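Topology and contacts: notes
These are the residues of each chain, in order.
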Amino acid sequence: MTDSDTDKRDRIRCRQELSAHYEQINDVQMRDMFSTDPDRAGRLSIRIDDILVDFSKHRVNDDTLALLFALADASGIPAAVSALFSGEKINTSEDRPALHSMLRAPAGYRFQLEGQDISALVHSQLARMRDFVQRLHHGEIHGATGQAINKVVNIGIGGSDLGPRLAVDALHAFRTGDIDVEFVSNLDPQELHSVLARSNAETTMFIVASKSFTTLETRTNADAALHWLKQHACPDLQRHIIAVTSNQAAAKEFGAGDDYIFYFWDWVGGRYSLWSSVGLPIAVAVGMDNFEKMLAGAHTVDTHFRTEAVNRNVPVILALLSLWYNHFFKADTHAVIPYDQSLRLLPEYLSQLVMESNGKSVARDGQTIKHRTSPILWGGIGTNAQHAFFQLLHQGTHLVPVDFLLPLQSTSDQAQQLKLVSNCLAQSEALMLGQKNDDNPNKQFPGNTPSSTIVYNKLTPGVLGMLIALYEHKTFVEAMLWDINPFDQWGVELGKKLARKLMQDFSSSEISASQHDASTLLLMQEYLRRNK
Ligand code: F6P
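Fair warning: this is a prediction, and the values are worked out from it, not measured in the lab. (Residues numbered from 1 in each chain as written. Predicted model: local features only at pLDDT ≥ 70, side-chain atom pairs only at ≥ 80, totals over all residues. Heavy atoms only, no water.)

On the basis of which strands lie adjacent, the open sheet formed by six strands has the order S1-S2-S13-S12-S10-S11 and mixed pairing. Bordering the open sheet on either side are strand S1 (45-48) and strand S11 (376-379), each of which pairs with just one other strand. Across this sheet, the average inter-strand angle for adjacent strands is 15°, counted without regard to direction. In terms of strand pairing, S1 meets strand S2 (residues 51-54) through four bridges, oriented antiparallel. Note that in S2 the partner of Ser45 across the bridge is Asp54. Where helix H13 (residues 314-328) meets the sheet, it contacts S1, S2 and strand S13 (451-456), and its direction lies at approximately 140° from that of S1. Of the strands in this sheet, S1, S2, strand S10 (333-338), strand S12 (402-407) and S13 touch helix H17 (residues 461-482), which is tilted by about 155° from S13. (Pairing = 2+ DSSP bridges. Helix = DSSP H or I, 4+ residues; strand = E, 2+ residues; numbered from the N terminus. Axes fitted to C-alpha atoms, helices over the stretch in contact; angles between N-to-C directions. Contact = heavy atoms within 4.5 Å.)

Listed below in C-alpha cells is the structure:
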C-alpha cells in the first residue's frame, strides 16, 4: 500500500468537501429527510444473510454518502481490504499480517503464507479441538485420580478471555455436553478463589490461554491453580492443564503436556483470537459443530466485506458513519445497546476490540496524528439501559450515536418479545424524531440522534459469528480511515513495566524516594504501613 501525494491530496480534498457539507446538513432534521423520501429506509439498509442492517436513521443524505464513499476510495479502503485478506504485513509495527479471517475459512480454502498452507494448519488445530471436545463430552478425559473431568476453567485475560467469555454466555441456549465452563481473568484473587471454592480439583481442568504465555495476570492465576491442584491431592498436573498459546516452549516449561498444548500463530492478534484454539472453551460449552457454525457466520461476513463495493459494504459504511460523527459532529463516544440478554457482555468485548485497536495517536508512518481517532465505546443491554443512562441520550448535551441489536424472535415467549421489540424501536424512533414542547422545556426532546439497528431472528452461533466479524471489519476500516495500525497495542506496555518495577521496589528493604513521584511514594508507604 503506497500513499502517494495524489492520494493525500485527494483525502484532504474529500475532508474539506465533507466539512463544507457538514455545515449545510448539521441543522437538517432526519424526520424531514424521511418525510420527503419514502424510499429512504429501503435504500439505506442492507441484508447479509439473516441479518438486516438499517442505517437510515443517520444524519446523511445522498450527497453525504457520495462524499464518504469518495473518502473511502481516497483512503485506499479497497486496497487495504485486499491487503488484509492477502496476508500483507499490515501490522507494520510488529511486521506481521493479520489473518484472523483465515481462522474461519472453510477447509480446502487455498491460502499460502511464506510457503505454508495456512488452511491446513488451521484445520489441523480444529481437528484436535474436535477430538478433545468429543472425548471430554463422552467422559473419556480423566483427572489425576481417575475421575472424569466435568468442569473447565479458562484462565486468560484480554483477548484470551473476553471473546470466549462472551460467546459461552451468549450461546447458553446451545449448551451441549455436561461440562461446566467458567472464566478467571482478574489479578484480584477474589475471582479465582470464588471459582475454586465451587470446584472439585479431581474433576476440574484449567485452560491456560495466553498468546504470549508471559502475561502476569494469567501466569499468576495459573500458578495459583496449580498450587490448589497439588493441595487437593492431584499431583499429576498434566492431566488438569491445557495450554492455548503461540509460545509452545513457555507452555511446556510451565508443565503442559504435548497432547494438551493447542496453538495458534503470531498472525492472530489477541483480540481477534476467539476463532482460534482460544475458542476452546466455546467448543467445550456448545460443541464443536456449533463452534464451527460461528466460524461459518464470520466467514459469510468476510466474504461480504472482501467482495462488496464500498457503497454496499456494511463494515465500510458503519466505519464511515463513525468517522462522520467523530470528526465532524465531535461525538466522543459510541453506544452499543443489544436488546438481547444473550449479548449482555458484547459492550465489554467490543470495548477491547475497538479501543485497544484504535485508541492511538500515531500514524502508520510513525508521525503524530493531528485528527481524532477512536471514539469511546460503551453500552449496556436494553431495556435496563432505558432506565439507567438513556436520559442522557435523549436530553443530554452529548451527541452519542447508538447501535441497537435486536432479535425479532424469542426463544421462549414471543408475546414478551414483542414488548421488547417495541421498546427497542421506540427508542430509535424517539432519538430520531424528538418531541417539541414549547410550554415545558423539560418535556422537549431535541431528537436527530443517529442510530443503526441490526436485526436478526435469534442469536445463533452463526449470527454471533456474523456480528463479531462485522465489528472487527468495521474497526479495521476505521483504522485505515484514521491511518493507524489497529493490530498492535503498545499503549498497554508502560503500565506493565511500571507494575513490575513497583513489585520489585515493594520487596526491597527500602523504597528509594528518587525512584517514584511523591504521590506514588505516599501510596506505597501507606501500603507498607498497613501491611507491617
Ligand atoms: O492488554 C494487552 C494484551 O496484550 C492484549 O492485547 C491481549 O489480548 C492480552 O494482553 C492478553 O495477552 P496474552 O494472550 O498474551 O496473555
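Quick look at the packing of helix H14 (residues 346-358) against H17 now. Where H14 contacts H17, the two axes come as close as 10 Å, and the packing angle between them is 20°. Between H14 and H17, the angle falls in the class roughly parallel. Considering how the two elements wind past one another, H14 and H17 form a crossing that is right-handed. Listed contacts from H17 to Tyr349, Leu350, Leu353, Val354, Ser357 and Asn358 of H14 are Ile468, Tyr471, Glu472, Thr475, Glu478, Ala479 and Trp482. Of the residues belonging to the contact of H14 with H17, the class tally is eight nonpolar, three polar and two charged. (Parallel < 35°, antiparallel > 145°, perpendicular 65-115°, else oblique. Left-handed = near helix turned anticlockwise from the far one by under 90°. Nonpolar A, V, L, I, M, F, W, Y, C, P; charged D, E, K, R; others polar.)

In this section: the packing of aromatic side chains. Evaluation of the coordinates by the stated rule reveals 21 aromatic pairs. Note on Phe213 and Phe254: the rings are 5.7 Å apart at their centroids and 70° apart in plane angle, and the pair reads as edge-to-face. Here Phe213 is found in the loop between strand S7 (204-209) and helix H9 (216-231), whereas its partner Phe254 is found in helix H10 (residues 248-254), with 41 residues between them in sequence. Pair check on accessibility: Phe213 and Phe254 agree, each one buried. With a centroid separation of 5.3 Å and an interplanar angle of 50°, the aromatic rings of Tyr325 and Phe329 are classed as tilted. Overall, Tyr325 belongs to the buried group, its relative accessible area being 2%. A residue is classified by how much of its surface remains accessible, and Phe329, at 11% relative accessible area, is buried. An aromatic cluster of three or more residues is present, and its members are Tyr22, Trp324, Tyr325, Phe328 and Phe329. (Phe/Tyr/Trp six-rings, centres within 6.5 Å; stacked < 30°, edge-to-face > 60°. Buried < 20%, exposed > 50% of the residue type's maximum accessible area, 1.4 Å probe, protein only.)

Surrounding the ligand, one finds 15 residues, the nearest of these being Ser160, Ser210, Ser212, Thr215 and Glu356. Between the ligand and the protein, one listed contact pairs an oxygen atom with a side-chain N or O atom of Thr215 at 2.5 Å. Side-chain polar atom of Glu356 to an oxygen atom of the ligand: 2.7 Å apart, as the coordinates give it. Protein contact buries 87% of the 390 Å² of open area that the ligand shows by itself. A per-class count over the shell around the ligand returns two nonpolar, nine polar and four charged. (Near = heavy atom within 4 Å. Polar contact = N/O pair within 3.5 Å; in protein donor to acceptor, adjacent residues only side chain to side chain. Areas by Shrake-Rupley, 256 points an atom, 1.4 Å probe, with all protein chains shown as cover.)

Okay, a nonpolar patch on the surface next. On the surface, Leu187, Leu216 and Met503 cluster together into a nonpolar patch covering about 240 Å² of accessible area. Relative to the helices and strands, Leu216 resides in helix H9. Assessed through its relative accessible area of 35%, Leu216 is described here as partly exposed. (Patch = residues over 30% accessible without salt bridge, like charges linked within 9 Å, V, L, I, M, F, W, Y side chains within 5 Å. Salt bridge = Lys/Arg side-chain N within 4 Å of Asp/Glu carboxyl O.)

The subject of this paragraph is helix H5 (residues 77-85). Three or more residues of H5 are buried, namely Ile77, Ala80, Val81, Ala83, Leu84 and Phe85. Contact partners of the buried residues in H5: helix H4 (62-74), helix H12 (288-307), H13 and H17. Gly87 sits one or two residues past H5 and shows a positive phi near 85°.

Domain boundaries assigned for the chain yield domain 1 (3-26 + 47-86 + 308-488), domain 2 (103-292) and domain 3 (492-530). The straight-line distance from the C-alpha centre of domain 2 to that of domain 3 is 34 Å. (Domains from an automatic or database assignment.)

Below, the discussion takes up the pattern of salt bridges. If charged atoms from side chains of opposite charge come close, those side chains can pair. According to the stated counting rule, one finds 29 salt bridges in the structure shown. Notably, a salt bridge pairs Lys89 with Glu114, separated by 3.8 Å at the nearest N-O pair. Taken together, the residues span a long stretch of sequence, with Lys89 in the loop between H5 and strand S3 (112-113) and Glu114 in the loop between S3 and strand S4 (116-117) at a distance of 25 residues. Taking the relative accessible area as the measure of exposure, Lys89 reaches 38% and is therefore partly exposed. Between Arg271 and Glu356 there is a salt bridge; the shortest N-O distance is 2.9 Å. Residue Arg271 is found in the loop between strand S9 (261-263) and helix H11 (280-286), and its partner Glu356 is found in helix H14; the two are separated by 85 residues along the sequence. We classify Arg271 as buried; its relative accessible area is 4%. Residue class for Glu356 comes out partly exposed when judged on its relative accessible area of 23%.

A few words now on the side chain of Ser199. Following the sequence through the fold, Ser199 ends up in the loop between helix H8 (189-197) and S7. Taking the relative accessible area as the measure of exposure, Ser199 reaches 14% and is therefore buried. Engagement of the side chain of Ser199 in a polar contact is seen with the side chain of Lys151, the distance being 2.9 Å. A polar side-chain atom of Ser199 sits 2.6 Å from the main-chain carbonyl oxygen of Val195. Residue contacts for Ser199: discarding those within four places in its chain leaves Lys151, Thr204 and Trp228.

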